[in-house]
Amino acid sequence: MDDKRHLISVIVQNKAGVLARVAGLFSSRGFNIDSLAVGETEDPELSRVTMVTRGDEAVIEQIRKQLNRLIDVLRVHEFRSGEDYVERDLLLLRVNAPPGKRGEIMQVADIFRGKIVDVGVRHLMIELSGPESKINAMIDLMRPYGIKEMVRSGRIALARGNKSV
Amino acid sequence: MQRKGAEILRDVLIDAGVDTIFGYPGGAVIPVFDVLVESSIRMVLPRHEQGAAHMADGYARATGKIGVCLSTSGPGATNLVTGIATAAFDSVPMLALTGQVKTPLIGNDAFQEADTTGITRPITKHNYLVKDVRDLARTLKEAIHIATSGRPGPVLVDLPLDVSTSSWDGEISGEVSIPGYRPNTVGHVRQIKAAADAINSSERPVIYAGGGVIIADAHQELAELAEKGNIPVTLTLLGLGALPGDSPRFLGMLGMHGTATANYCIQESDLIIAIGARFDDRITGRIDAFAPHAKIVHIDIDPTSISKNIRVHIPVVGDAKSILREVNKLLKPVERKGWFERISMWRAKHPMTFKENTLKPQYVVQEICRASREDTIIATEVGQNQMWAAQYYCFRRPRTILSSGGLGTMGYGFPAAIGAQFGCPGRLVWDIAGDGSFQMNIQELATAVGYNQPVKVAILNNGFLGMVRQWQELFFNKRYACTDLMANNPDFVKVAEAYGAHGMRVTERDQVRDAVEEAVKTEGPVVIDFRIDREENVFPMVPAGEAIDRMIGGMA
């Protein structure tokens, strides 16, 4: 199977149960959602669900149609390569930072334009947003210091220019 | 005007033209029943909630109107589930109303609580939990609109007890507006033109039409397409009656138990015009060997049906009736002499036959057909009885077959027949049943007798779960694992009589005609126990996973 990555953005009614309907379409076919982010849009009655999933073209086409068929779904858009859009993950990472290492770690964070959002006696917390590759690169660089805990948000994405989903 | 939730429900339903509700009461819906029983709506009490759901389904399929069923919370709601799933699979417009525990108790494991909207989410077109009486009228109207428009389906509304009993003084009139729901009804002009061009240039076309044609009320347009375009027609199980079964261009049903002619026709065609059908696996057989030479036009209101199983070349999304009207305008007369000669050859070589030495189920179906009128309604159960009914009964009008095609629900036919009889008083309604299926909702005899609904049940009794036994015979070395019911089958005549229905038993071929005629003449419900040849098989048959021209049996 062609395991291509698909980034899908869905505008839904901001109601109880909607996320379960959307997620149910994936789970009932045995597909995993690699990443999921849900939040209010410029209209408080609507939410945007951004999902990353994998599957071949026919499967994704069927999922898009099924999503469109849901009553609470208003629009479905798949961001495709070649399309002009911005995609971001958010990372919060707490890393061991003994006094001797603190400067180094802060320098690395700075190179990635990460922010230090919490400082303790033996740790630092870094906030970083960016595309997946950048987040992964920073995580790799932090590993040797000892990552105590980290959390990543689901992917979000928005088209550039005047185009809206 | 101050109205309680239950009164709002009553008023919205009456306003929508609902005249019958199939409902089983329980703690969470007592106030609802208390209001409805005093209204102009006829309340029908089945003996099991599954019966209520299938009755609403049969009512809807036979009349074209929305079917309404009602149950209490918890087990009442879960008992509806099979009926709702059956309706969803076959695109039947249904409103399922379920009681729910009081809103403050939801999620607290209250007595008779179930997460009904959660359970039914994948088997409804849409569902709602109403948490505020102010939302009730709008929700019900949306539910009815969604259930009956586009590709129809069941919509469930979960009604907590405190919503039914609290009051609201708002207006219930007003238009329904659902921003995320705009079914596409008008076919694309360019696609319609492409479809017509493909038809006009085709040498070996075949129409493959399904239940969608009947739902869209497009049977006349279908007949015109077949006639004007000079195209043979095969129908799915749910499409039977969309073209009269005695039409010269009708090939019979296609698929696993279709006629040889229909299946050969599909396999040799150069163009398939699929209308309101969904290329189900019982139709296509082995997908990569299906119709190898054919270009495919697919007319369907549901975009998700298009290119789901089989890649479609010319999709036309929209309402079949209006699309066919437009296509028909563009048709050119084409003779296709060679194609029809080939079809005649198949027909002559492979007629539908069976040996007449003993009491055969096919003969029973033929006799039921002989004693029927064009508007007679035939419900079936699921399994061999269903296939024999489809093969040997001549369906002449739309909405005369009630059968669980997609989900394949045993126990569907009898309650569906009762529901249809409520919707179509004065018409003859049969349930062609098996001894296994009939016992799945046999308790509804009480409903048929209690409301004097004169449904006739023909049990094709072979003392087996016959279709499974057939597979065991053919593919499992005759190991009849758990399919022999004979030893513990009840005396169906006595069962019928115990409920107050008329019971008959037929053991010989020459008794069939008289028994059928007596049943038709009898005023109330009748059960006939036909003791058919125990090991009769449904043929022809395409073994699962084979190409549809690889039929076995009955290929004289």
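All of these numbers come straight from a predicted model, not from anything done at the bench.

S.K.: For the overall build of chain B, give the residues involved together with the corresponding values.
M.R.: Looking only at helices and strands, chain B has 22 helices and 20 strands in total. In terms of overall size, chain B behaves like a compact globule, its C-alpha atoms giving a radius of gyration of 24 Å where 556 residues would be expected to give roughly 24 Å. With the principal axes as the frame, chain B shows a C-alpha extent of 70 × 60 × 40 Å. Taking all 556 residues of chain B together, 59% fall into the buried category. When contacts within chain B are restricted to residue pairs at least 6 apart in sequence, those whose partners lie at least 24 apart make up 75%. As displayed, chain B has an accessible area near 21,100 Å², and 50% of this comes from carbon and sulfur atoms. Across chain B, the 56 positively charged side chains and the 62 negatively charged ones have centroids separated by 5 Å.

S.K.: Tell me what's going on with the pairing of strand β4 (residues 67-71) of chain B, and back it up with residues and numbers.
M.R.: All names here are of chain B. Counting buried positions along β4 yields five of five residues, so the element is predominantly enclosed. A two-sided burial pattern is seen for β4, the buried positions comprising Gly 67, Cys 69 and Ser 71 on one face and Val 68 and Leu 70 on the other. Relative to β4, strand β2 (residues 20-23) is paired through two bridges, and the arrangement is parallel. Along β4, the bridge assignment pairs Phe 22 with Cys 69. Two strands pair when backbone bridges link them, and β4 and strand β5 (residues 94-100) are joined in this way by five bridges, in the parallel orientation. Within β5, the residue paired with Cys 69 across the bridge is Ala 96. On the question of chirality, the crossover connecting β4 to the parallel β5 by way of helix α4 (residues 75-89) is right-handed.

S.K.: Provide a residue-level description of the packing of helix α11 (residues 260-268) of chain B against helix α14 (residues 337-349) of chain B, including the pertinent values.
M.R.: All names here are of chain B. Packing of α11 against α14 brings their axes to within 9 Å, and their N-to-C directions diverge by 145°. You can see that α11 and α14 cross each other, and the crossing is right-handed. Counting all contacts with α11, which are made through Thr 261, Tyr 264, Cys 265 and Glu 268, the residues of α14 involved are Trp 339, Arg 342, Ile 343, Trp 346 and Arg 347. Looking at the contact of α11 with α14 residue by residue, the class counts come to five nonpolar, one polar and three charged.

S.K.: Explain the domain arrangement of chain B residue by residue, including any values.
M.R.: Residue and element names in this part refer to chain B. Considered domain by domain, chain B is made up of domain 1 (3-168), domain 2 (189-349) and domain 3 (361-531). Taking only C-alpha atoms into account, the centre of domain 1 sits 29 Å from that of domain 3. Each side of the interface is counted separately: domain 1 has 25 residues, and domain 3 has 26 residues. Between domain 1 and domain 3, a total of about 2,000 Å² is buried, with carbon and sulfur atoms accounting for 63% of that surface. Where domain 1 meets domain 3, there are twelve residue pairs in polar contact (both at pLDDT 80 or more).

S.K.: Account for helix α15 (residues 361-370) of chain B, naming residues and giving values.
M.R.: Residues and elements named next belong to chain B. Summarising burial for α15: eight of the ten residues are buried, a large majority. Within the sequence span of α15, burial applies to Pro 361, Gln 362, Tyr 363, Val 364, Val 365, Glu 367, Ile 368 and Cys 369. For α15, the elements touching its buried residues are β15 (377-380), α16 (384-392), β17 (429-434), β18 (456-461), α22 (512-521) and β20 (526-531).

S.K.: Break down the side chain of A:Asp72 for me, citing the residues and quoting the values.
M.R.: Relative to the assigned elements, A:Asp72 resides in the loop between α2 (57-69) and β4 (73-79). Using a relative accessible area of 5% as the deciding quantity, one classes A:Asp72 as buried. In this view, A:Asp72 contacts A:Ile11, A:Val12, A:Gln13, A:Lys15, A:Val18, A:Arg21 and B:His126; residues no more than four positions away in its chain are not counted.

S.K.: Describe the packing of aromatic side chains, listing the residues and the values that go with them.
M.R.: All names here are of chain B. Per the stated rule, a full pass over the model turns up 14 aromatic pairs over all chains. Both rings, one in Phe 464 and one in Tyr 480, keep their centres 5.5 Å apart while their planes meet at 75°; by these two values the pair is edge-to-face. With a gap of 16 residues between them, Phe 464 in the loop between β18 and α20 (466-475) and Tyr 480 in the loop between α20 and α21 (492-499) connect regions that are remote in the sequence. Grouping aromatic residues by their ring pairs yields a cluster made of Phe 22, Tyr 59, Phe 422 and Tyr 451. Cation over ring: Arg 534 sits above Phe 464, and NZ or CZ is 4.1 Å from the ring centre.

S.K.: Before we move on, could you go through a negative patch on the surface and cite the residues and values that matter?
M.R.: A grouping of B:Glu508, B:Asp510, B:Asp514, B:Glu517 and B:Glu518 is seen on the molecular surface, where their side chains present a negatively charged patch. Relative to the helices and strands, B:Asp514 is located in helix α22.

S.K.: How would you explain the interface of chain B and chain A if you had to name every residue and give the values?
M.R.: On the chain A side, the residues contacting the 15 residues of chain B number 13 residues. Around 1,200 Å² of area is buried between chain B and chain A when both sides are counted, 53% of it from carbon and sulfur atoms. Ranking the residues of chain B by area buried against chain A places B:Arg121, B:His126 and B:Thr304 at the top, with a combined share of 44%. Here chain B is connected to chain A by one salt bridge. For B:Asp302, the salt bridge goes to A:Arg69, with nearest N and O atoms at 2.4 Å. Considering only residue class, the side of chain B that touches chain A consists of six nonpolar, four polar and five charged.

S.K.: Just give me the short version of the pairing of strand β13 (residues 295-300) of chain B, but keep the residues and values in it.
M.R.: All names here are of chain B. Most of β13 sits out of view: five of its six residues are buried. Judged from the five bridges that link them, strand β12 (residues 271-275) and β13 form a sheet pairing that is parallel. Bridged to Ala 274 within β13 is His 298. As paired strands, β13 and strand β14 (residues 314-317) are joined by four bridges and run parallel to one another. Each bridged residue has a counterpart across the sheet, and for Ile 299 the counterpart in β14 is Val 316.

S.K.: Tell me about the nonpolar core, and name the residues and values.
M.R.: Residues and elements named next belong to chain B. Judged by nonpolar contacts, the single largest core of 68 residues is most densely connected at Ile 207, Leu 222, Leu 225 and Ile 275. Formed jointly, this core draws a minimum of three residues from each of two domains, domain 2 (189-349) and domain 3 (361-531). Not counting residues up to four positions away in its chain, the partners in contact with Ile 275 are Ile 207, Tyr 208, Ala 209, Gly 210, Val 213, Leu 222, Leu 225, Ile 299, Ala 320 and Leu 324. Formed by 44 residues, the second largest nonpolar core is a distinct cluster that contains Leu 80, Met 94, Ala 96 and Ala 417.

Calculation rules
- Residues numbered from 1 in each chain as written.
- Chains lettered and ligands numbered in written order.
- Predicted model: local features only at pLDDT ≥ 70, side-chain atom pairs only at ≥ 80, totals over all residues.
- Heavy atoms only, no water.
- Helix = DSSP H or I, 4+ residues; strand = E, 2+ residues; numbered from the N terminus.
- Rg over C-alpha atoms; globule rule 2.2 N^0.38 Å.
- Buried < 20%, exposed > 50% of the residue type's maximum accessible area, 1.4 Å probe, protein only.
- Contact = heavy atoms within 4.5 Å.
- Areas by Shrake-Rupley, 256 points an atom, 1.4 Å probe, with all protein chains shown as cover.
- Lys, Arg positive; Asp, Glu negative; His and termini not counted.
- Charge placed at Lys NZ, Arg CZ, Asp CG, Glu CD.
- Pairing = 2+ DSSP bridges.
- Right-handed = clockwise from strand over helix to strand, strands pointing away.
- Axes fitted to C-alpha atoms, helices over the stretch in contact; angles between N-to-C directions.
- Left-handed = near helix turned anticlockwise from the far one by under 90°.
- Nonpolar A, V, L, I, M, F, W, Y, C, P; charged D, E, K, R; others polar.
- Domains from an automatic or database assignment.
- Buried area = accessible area lost by both parts, 1.4 Å probe.
- Polar contact = N/O pair within 3.5 Å; in protein donor to acceptor, adjacent residues only side chain to side chain.
- Phe/Tyr/Trp six-rings, centres within 6.5 Å; stacked < 30°, edge-to-face > 60°.
- Lys NZ or Arg CZ within 6 Å of the ring centre and 35° of its normal.
- Patch = residues over 30% accessible without salt bridge, like charges linked within 9 Å, V, L, I, M, F, W, Y side chains within 5 Å.
- Salt bridge = Lys/Arg side-chain N within 4 Å of Asp/Glu carboxyl O.
- Core = buried A, V, L, I, M, F, W, Y, C linked by side-chain atoms within 4.5 Å.

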